[in-house]
Amino acid sequence: MSHHYSGPDFGFPHGDARLDFTDLYAFPKPGDSSKSILIMNVHPSASANPPEPTTVEPFAADALYELKIDTDGDAVANIAYRVRFLSEGKGQTATLRRVEGAQAASINDNGLAIVEGAPVSTGSVAQVTEVGDHRFFAGWRSDPFFCDVEGAKNKMQFTGDDFFADKDVCSIVLEVPNSALGAKETCLWARTLVQAKGGGWVQAERGARPAQAVLLVDDGQREAYLTGEPADDARFVPYFAHALEHTGGYPPADAERVARTLLPDLLSYNHARPASFPDNGRTLIDDAFDSFLHVLTNGKVTEDKVGPHRDLIAEFPYVAPPHKVR
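Residues numbered from 1 in each chain as written. Predicted model: local features only at pLDDT ≥ 70, side-chain atom pairs only at ≥ 80, totals over all residues. Heavy atoms only, no water.

Participant: Can you help me understand the sheet that holds strand β10 (residues 134-142) in this one?
Facilitator: Backbone hydrogen bonds hold the strands of a sheet together, and the pairing may be parallel or antiparallel. Within the open sheet, the five strands sit side by side as β1-β2-β11-β10-β9. Their pairing is antiparallel. This sheet does not close on itself; its edge strands, each paired only once, are β1 (21-29) and β9 (129-131). Between one strand axis and the next, the sheet turns by 15° as a mean value, whatever way the strands run. When β10 meets strand β11 (residues 168-177), the two strands line up antiparallel, connected through eight bridges. Among the inter-strand pairings, Arg135 is bridged to a residue of β11, identified as Glu175. (Pairing = 2+ DSSP bridges. Helix = DSSP H or I, 4+ residues; strand = E, 2+ residues; numbered from the N terminus. Axes fitted to C-alpha atoms, helices over the stretch in contact; angles between N-to-C directions.)

Participant: Looking at this structure, how should I read the environment of Ala165?
Facilitator: Within the secondary structure, Ala165 is located in the loop between α1 (149-153) and β11. When the C-alpha atoms of Ala165 and Gly281 are compared, they prove to be 23 Å apart, with 116 residues separating the residues in sequence. Among all residues touching Ala165, those that are not within four sequence positions of it are His309 and His323. (Contact = heavy atoms within 4.5 Å.)

Participant: Looking at this structure, how should I read the packing of aromatic side chains?
Facilitator: Inspection of every chain in the model, using the stated rule, returns 10 aromatic pairs. Ring centres of Phe27 and Tyr318 lie 5.9 Å apart, and the angle between their planes is 80°; this geometry places the pair in the edge-to-face category. Of this pair, Phe27 sits in strand β1 while Tyr318 sits in the segment after α6 (288-296), and the two are 291 residues apart along the sequence. Accessibility assignment for this pair places Phe27 and Tyr318 in one class, buried. On the basis of an interplanar angle of 80° and a centroid distance of 6.2 Å, the ring pair of Phe316 and Tyr318 is categorised as edge-to-face. (Phe/Tyr/Trp six-rings, centres within 6.5 Å; stacked < 30°, edge-to-face > 60°. Buried < 20%, exposed > 50% of the residue type's maximum accessible area, 1.4 Å probe, protein only.)

Participant: What is the right way to look at the pattern of salt bridges in this model?
Facilitator: When the charged atoms of two side chains with opposite charge come close together, those side chains can pair. Per the stated rule, a full pass over the model turns up 19 salt bridges. The partner of Asp166 in a salt bridge is Lys167, with the nearest N and O atoms 2.9 Å apart. Salt bridges linked by common partners bring Lys29, Lys35, Glu130, Arg135 and Glu175 together as one network. (Salt bridge = Lys/Arg side-chain N within 4 Å of Asp/Glu carboxyl O.)

Participant: What should I look at first to understand the nonpolar core in this one?
Facilitator: Across soluble globular proteins, nonpolar side chains have a tendency to be buried as a group. In this structure, Phe59, Tyr65, Tyr81, Phe85 and Phe136 are the most contacted members of the largest nonpolar core, which totals 49 residues. Each residue touching Phe59, except ones within four places of it in the same chain, is listed here: Arg18, Val42, Tyr65, Phe85, Gln92, Val120, Ala138, Gly139, Cys170, Ser171 and Ile172. (Core = buried A, V, L, I, M, F, W, Y, C linked by side-chain atoms within 4.5 Å.)

Participant: Explanation requested: the pairing of strand β13 (residues 201-207) in the structure shown.
Facilitator: A regular strand places its side chains so that they alternate between the two faces of the sheet. In terms of burial, β13 is a largely internal element, six of the seven residues being buried. Of the strand pairs in this sheet, strand β12 (residues 185-195) and β13 are connected by six bridges, and their pairing is antiparallel. Within the sheet, the bridge partner assigned to Leu193 lies in β13 and is Gln203. Count of turn residues in the β12/β13 antiparallel hairpin: five residues, of which Gly199 carries a positive phi of about 105°.

Participant: So what exactly am I meant to see when it comes to the pairing of β1 here?
Facilitator: Counting buried positions over the nine residues of β1 gives nine, a clear majority of the element. Where β1 lies against strand β2 (residues 32-42), eight bridges are found, and the strand directions are antiparallel. Directly across from Lys29, in β2, lies its bridge partner Asp32.

Participant: What is the right way to read the confidence of the model for the protein chain from this model?
Facilitator: Do not read the predicted coordinates in detail wherever pLDDT is low. On average, residues of the protein chain score 94 in pLDDT, and 96% of them reach the 70 mark or higher. Note on residues 5-9: pLDDT is under 50 here. Beyond four places in sequence and across chains, it has 10 contacts. (pLDDT = per-residue confidence, 0-100.)

Participant: Please clarify how helix α4 (residues 237-248) should be interpreted in this entry.
Facilitator: Since there are 3.6 residues in each turn of an α-helix, residues three or four apart along the chain are aligned in direction. Helix length check: α4, at 12 residues, gives a terminal C-alpha distance of 15 Å against a target of 16 Å (1.5 Å per residue), a fit within 8%. Taken together, the buried positions of α4 are occupied by Val237, Phe240, Ala241, Ala243, Leu244 and Gly248. Seen end-on, α4 carries its buried residues on one side only, within an arc spanning 165°. Pointing more than 90 degrees away from the buried face of α4 are the exposed residues Pro238, His242 and His246. Contacts from the buried residues of α4 go to α2 (212-215), α3 (222-226), α5 (252-262) and α6. Following α4 by one or two positions, Gly249 has its phi on the positive side, about 70°. (Expected span 1.5 Å × (residues − 1). Arc of directions from axis to C-beta.)

Participant: Looking at this structure, I do not really get unusual backbone geometry. What am I missing?
Facilitator: Peptide bonds are, in most cases, trans, and in most cases residues other than glycine have a negative phi. The amide bond that connects Phe277 to the next residue, Pro278, takes the cis arrangement and shows omega of 10°. Between Phe316 and the following residue, Pro317, the backbone shows a cis peptide bond with an omega angle of 10°. Among the secondary structure elements, Pro317 is positioned in the segment after α6.

The following block contains the structure:
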């Protein structure tokens, strides 16, 4: 479950780490402002509770990985990029599809094939597929998220110990022309879906902004949150507000106001402006957890003493090679 580990008392969605959504990034392509980079990270290489490795296979073949784009501000997708994976021998390949209009908000795996049979990377060399004005990557990479997990679990007593410094994650990276986003002002989110036993698809998890699904959603509402749609997120405002009152000491009216700034759970992105979380998109070096801490604690705690990773690379796919070759 977002974020990176499913918390002290609950597990990966459907018990499968490969369905676990961790992070979403969106930023203008460095050196070419006519294009954007979209990154959806899933499947952390290790769980925090219990602290153990997850499965070696990067992506689930019976799953659908989807990036959703809202172009008109109603928290309903107008464009979607969908990725399916096929396991072949010891490796996997990927097919990327794009769908627009009403179908973008539906639950299925159809769409126009942009990339077919793209190799999935498991080693240190990134296998990149380029088709027309799209570039695509999928595979194991060094996890760019940085956070003192143990400090967060220990009543926010932070020591600067970065749990993710040596961890890997599975990245899906797209380079797209800005025209493909459908509008200058957009809102993004990601989701994973799994095939149901009786046919069709079931949403396993979704999200856009880091950490809030772990720390602000009531245990009894978490399943509804993860399987819900951003357009319906107003129903979770009371739960977010309650958590903000309890953790940050917000007065009730202020807690509700702040909760409404966090919902719906979307990442706003204007490709014409520099990216900087939480105002516009998110880069790989933005300290999103510090930003969340400031909100969660009403400014009482502003940092976890952990900074960006230094292994990021300057070219596509931007996330660094994995620490462990699989």
